[in-house]
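Listed below are the residues making up each chain.
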Amino acid sequence: MSPASSHALKHPPVTAPSEPAGAPADFPELGAAIDRARRRGRGAQSNASGRFEAEARVAFDDGWQSLDELPPFKTTVAIDTSRKVITRNDSPDIGFDRSINPYRGCEHGCVYCFARPTHAYLGLSPGLDFESKLFAKPDAPSLLEKELAAPGYEPRMIAIGTNTDPYQPIERERKIMRGILEVLERTSHPVGIVTKSALVLRDIDILQRMAKRNLAKVAISVTSLDPKLARSMEPRASTPPKRLEALKQLSEAGIPTTVMVAPVIPALNDSEIERILDAAAHAGVKEAAYVLLRLPLEVRDLFREWLMANYPDRYRHVFTLIRDMRGGRDYDAKWGERMKGTGPMAWTIGRRFEIACDRLGLNKRRSKLTTDHFARPKRSGDQLSLF
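Residues numbered from 1 in each chain as written. Predicted model: local features only at pLDDT ≥ 70, side-chain atom pairs only at ≥ 80, totals over all residues. Heavy atoms only, no water.

Caption draft 1: Inspection of the overall build of the protein at higher detail. When helices and strands are counted, the protein shows 11 helices and 12 strands. Relative to its full complement of 387 residues, the protein shows a buried share of 52%. Here the contacts in the protein between residues at least 6 apart in sequence split such that 80% fall between residues at least 24 apart. Per element, the accessible surface of the protein, about 18,500 Å² overall, is 52% carbon and sulfur. (Helix = DSSP H or I, 4+ residues; strand = E, 2+ residues; numbered from the N terminus. Buried < 20%, exposed > 50% of the residue type's maximum accessible area, 1.4 Å probe, protein only. Contact = heavy atoms within 4.5 Å. Areas by Shrake-Rupley, 256 points an atom, 1.4 Å probe, with all protein chains shown as cover.)

Caption draft 2: Representation of helix α10 (residues 315–325). All of the buried residues in α10 are Y315, V318, F319, L321, I322, R323 and M325. Against the buried residues of α10 lie β12 (287–292), α9 (298–310) and α11 (343–360).

Caption draft 3: How the structure looks around the pairing of strand β10 (residues 216–221). Among the six residues of β10, five are classified as buried, and the element is accordingly described as predominantly covered. Direction of pairing for strand β9 (residues 191–195) relative to β10: parallel, over a ladder of five bridges. Of the residues in β10, the one forming a bridge with V191 is A216. Running through helix α5 (residues 204–211), the crossover from β9 to the neighbouring parallel element β10 is right-handed. Inspection of the sheet shows β10 paired to strand β11 (residues 257–264) by four bridges, in the parallel sense. Across the sheet, A219 pairs through a bridge with T258, a residue of β11. (Pairing = 2+ DSSP bridges. Right-handed = clockwise from strand over helix to strand, strands pointing away.)

Caption draft 4: Local environment of the sheet that holds strand β6 (residues 103–104). Spatial strand order, β3-β7-β6: three strands in an open sheet with mixed pairing. Looking at which strands have only one partner, the edges of the open sheet turn out to be β3 (76–79) and β6. Pairing of β6 with strand β7 (residues 133–136), which is carried by two bridges, proceeds in the antiparallel orientation. Bridge assignment links R104 to a residue of β7, and that residue is F135.

Caption draft 5: Spatial organisation of the sheet that holds strand β8 (residues 158–160). Pairing in this open sheet of seven strands is mixed, and the strands run β4-β5-β8-β9-β10-β11-β12 from one edge to the other. Here the strands that pair on one side only, and so sit at the sheet edges, are β4 (86–88) and β12. Pairs of neighbouring strands in the sheet enclose a mean axial angle of 25°, with direction left out of account. Judged from the three bridges that link them, β8 and β9 form a sheet pairing that is parallel. Residue pairing in the sheet places I160 in a bridge with I193 of β9. Along the sheet face, helix α7 (residues 240–252) touches β10 and β11 and points at about 160° away from the line of β10. (Axes fitted to C-alpha atoms, helices over the stretch in contact; angles between N-to-C directions.)

Caption draft 6: Representation of the packing of aromatic side chains. Summed over the entire model, instances satisfying the criterion amount to seven aromatic pairs. On the numbers, 5.9 Å between centres and 55° between planes, the contact of Y153 with F374 is tilted. Separated by 221 residues along the polypeptide, Y153 in the loop between α2 (140–148) and β8 and F374 in the segment after α11 bring together distant segments of the chain. You can call F374 buried: its relative accessible area is 16%. Aromatic ring contacts, followed pair by pair, group F303, W306, Y311, Y315 and F319 into a single cluster. The side chain of R294 reaches across the aromatic face of F114, ending 4.6 Å from its centre. Just above the ring of F319 sits the side chain of R304; from NZ or CZ to the centre is 4.7 Å. (Phe/Tyr/Trp six-rings, centres within 6.5 Å; stacked < 30°, edge-to-face > 60°. Lys NZ or Arg CZ within 6 Å of the ring centre and 35° of its normal.)

Here it is in structure tokens:
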């Protein structure tokens, strides 16, 4: 690539319009889109610099076909050397206060992923970098055991998969998640898992043993039953039939399962709420939940780019409805409202979900995990008791 093909700016080049428009010329963010061949199998259309960077660089064709020399985006994995693995939170609108993320970044490439902005803290793009430049925590099992052994540790359910998917493709070789589950089983510590991957079935032996003691439950997100929509929106996640089959096998194994209709995107997949719940109920699922589309920070522009590239005829309608449910904005992070939204459209989605759950007998009982069996692991150097 010649020197002229990289241009430094003081501000990121991706600036979404304040109101939807119909002509491609009205979308300056589309000019930063990466060539389709280079991002084949990826969710994001672009790779704009993170919000903390002093400069943003964008490749452009200088007339010498210099962009033809750029290689496709390949998945790379670096080692995360964090000294702790349990993350704490005090958010009032979620049902857990601690979580574990075995990986940073996620190869599933879900274009709507609210975790994408976290890659900006690493000096990387929330766009294509998020799904191709990954970080693994191979020491997570040993770090977890050390934290559980701390004298002041009080057990409560640990949530896994709340930020990035613990069963994304690289888990097949890394097996970090399985190592974490082995520690949790050995210490009889409760765990709740959220995933989009059928790879969770690999660990059904551990999960089944833990579930018999009320120590494990699994939620699988099913965003759409339309294979075309699912593949373009979640390019490297398991297909909808595989997710439903995973729910079926987990349920048959006696593991409490939940179907997550998440995210619900108005005018795109909201018409599928009842069908998804019906399919999950037939798979043996007893609990269900939903989350409205969230567009914090860079996710807004990434989703806009994807929507214009794949469903340009729905752009105006989708964002009009999103703003109707977010107090006139693209996103509102207010506690208690960020997951469900407000206004008539949000109310309608909530009522449809509740009516469908009642008809199918979902959420009649909520599985509850226990901490009664917790056995604090011995720390290195601890003296054995004489009695």
